[in-house]
Structures are given as structure tokens and as C-alpha cells.
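# Commentary on secondary and tertiary structure
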Amino acid sequence: MVDGFSIRRVKSGIPGFDDLIGGGFPEESTILITGSTGTGKTTFAAQYIYKGAEEYGEPGVFVTLEERAKDIRREMAQFGWDFKKYEKEGLIAIVDGVSAISGIPSEERFVLEDRLNVDNFLRYLYRVVKAINAKRLAIDSIPSIAFRLQDEREIRGVLLRLNTILLEMGVTTLLTTEAPDPKAGKISRYGIEEYIARGVVILDLQEKNIELKRYLLIRKMRGTKHSMRKYPFEITPHGVVVYPSGEIY
């Protein structure tokens, strides 16, 4: 309860994860999913959007800035997720933010024409969210928005504007970013992402008995009680699964 009102929850669609955050993400919050390369950030974000449509009937937008939309669909099909089905039903929109920049013609319905212009990016994002009345949004990833910006103040300004427009849209958002060195406390590329987000989830790998194990740590989640322990997770044939009662690293 906050000021006498119960916080509404948005289910993550990640088995085991909601147990750690009081039942789901606080509604209309911005959550940073950070980790080093290969830790499962894109899968985590895509699962959030897909399961929102499949299990809860909640429309969602997935903005892909690193891979073409058709590659995302193909990769996620390995988990049995048929994105096309829910795109046809108007429950999912995938925004292709790669083709135009790389000069490749795109047959996608939602294509970012000029990713280098941040204001155009934010306006287009707003239109797509409103077009399908989205409740969920995932942007993969933040470094791809800022990769042409050299000045740190400019990057900070862009991220602050992004956060403002996300709040105006009223969506519950997952942003992915690279963590240069989580073990040394460097959990985001620019050092500001964790401050604009109401929640921070770190995905990482840890050596255990001569093999790498995946673990998850909720660094922050405003508006809800949450565990501060590291929990194991796996990327299974059905997607990301967290083990709240599993071995704690």
C-alpha cells in the first residue's frame, strides 16, 4: 500500500520472477535490465512482451535496435513463441530500428526511419504505443539509441527525455543496457540509466564448479519489497525461468 492505495502489478511473464518482487512490476514504471553480453537480456524483454499478449491479453511494443525484426521472430520461435500471431491480432507491434540505418529495405509495418534523430524516435515510439493502446514496452537496447552521441551531457539529456515520455505514455517499460563490469559495480554503459529507472535487474554469469551459471539480482525496485539476493535462472526451451527457492549464490 502507498498512501492508502494498492500498487497495481504488471506480471513479468517470467516464471519464478514475480515471487521476488511482490507479484509483478509496479504499473507504469521503467525497469532497467542490465548485464554483460550473452546473459539473456533480449530474451527476458521479448518474453515480457510476448507473455503479456499470450497470457494476459495486454498489448505490447518491442523496439529492436540491434537485430532485424524478422531475426527476433526467428530467434524467439525456438521457445515456441509465435510473435506473428499476436501482431496480426494487434496485441504486439515490433518496431524495426535496424533496417533503415543499415540501408536495408524493410517490409515491416513499423519501421524507424531515422534512429539518429532522437526526437523523431521518441515521437514515433509514442505513436506506435498509442496505435495499439500498448500497456507494455521493451526497448532493446539503450546503447543503440545513443551510439552516435559522443558528448556525455547529450546522452544524459536523451535518457532523461526518454524517461519523461515513457511516464507520459503510461506504459510499463523494460530497457536493456550493457553492464561493463557488474562485479565492480559498473552496471550500466553511461552511469545514468540506473538513476532514471525505478527498477534495476542485473543478469550475470558466475563460475561454479568449473562451469558458468546464470544468476539474477534485483538491485532496486521502487514501490515494492524485493529480495537483495542472487538467484539462479536458466534459459530453457520455453524461455527464461527463475528459481526463487533454488541455490542462492
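Everything below is about the structure printed above this text.
Residues numbered from 1 in each chain as written. Predicted model: local features only at pLDDT ≥ 70, side-chain atom pairs only at ≥ 80, totals over all residues. Heavy atoms only, no water.

### A closer look at the environment of Leu 203
Using the following cut-off: Numbered from the N terminus, helices here are DSSP runs of H or I no shorter than four residues, and strands are runs of E no shorter than two. By definition, residues are in contact when any of their heavy atoms lie within 4.5 Å.
Within the secondary structure layout, Leu 203 lies in strand 9 (residues 199–208). For the pair Leu 203 and Ile 192, spaced 11 residues apart in sequence, the C-alpha to C-alpha distance is 18 Å. Setting aside anything within four residues of it in sequence, one finds Leu 203 in contact with Ile 33, Thr 34, Gly 35, Ser 36, Thr 39, Gly 40, Lys 41, Phe 44, Tyr 215, Leu 216 and Phe 233.

### Observations concerning the pattern of salt bridges
For clarity, the threshold we go by: When a carboxyl oxygen of Asp or Glu lies within 4 Å of a side-chain nitrogen of Lys or Arg, that pair is called a salt bridge.
Applying the stated rule across the entire model yields 12 salt bridges. Linking Arg 73 and Glu 108 is a salt bridge whose minimum nitrogen-to-oxygen distance equals 2.5 Å. Here Glu 108 lies in the loop between helix 4 (99–102) and strand 6 (110–111) and Arg 73 lies in helix 2 (residues 69–77), a separation of 35 residues in the sequence. Among the ionic pairs, Lys 213 bridges to Glu 211, the shortest N-O distance being 3.8 Å.

### What about the sheet that holds strand 6?
How we decide: By definition, two strands form a pair when at least two bridges between them are found by DSSP.
Spatial strand order, 6-5-4-7-8-3-9-10-11-12: 10 strands in an open sheet with mixed pairing. Two strands close off the open sheet at either side, each with one partner strand: strand 6 and strand 12 (239–242). By the bridge criterion, six bridges tie strand 3 (residues 30–35) to strand 8 (residues 172–178) in an arrangement that is parallel. In the sheet register, Leu 32 faces strand 8, and the bridge partner there is Leu 175.

### Section: unusual backbone geometry
Threshold: The buried label goes to any residue with under 20% of its type's maximum accessible area, the exposed label to any with over 50%, and the partly exposed label to all in between, with areas taken from a 1.4 Å probe on protein chains only.
Ser 141 follows Asp 140 through a cis peptide bond whose omega is 15 degrees. Of note in the backbone geometry, Glu 28 takes a positive phi value of approximately 60 degrees without being a glycine. We note that Asn 133 has phi near 55 degrees; this positive angle belongs to a residue other than glycine. Summarising the element assignment, Asn 133 is placed in the loop between helix 5 (118–131) and strand 7 (136–140). Classification of Asn 133 by relative accessible area gives partly exposed; the value is 49%.

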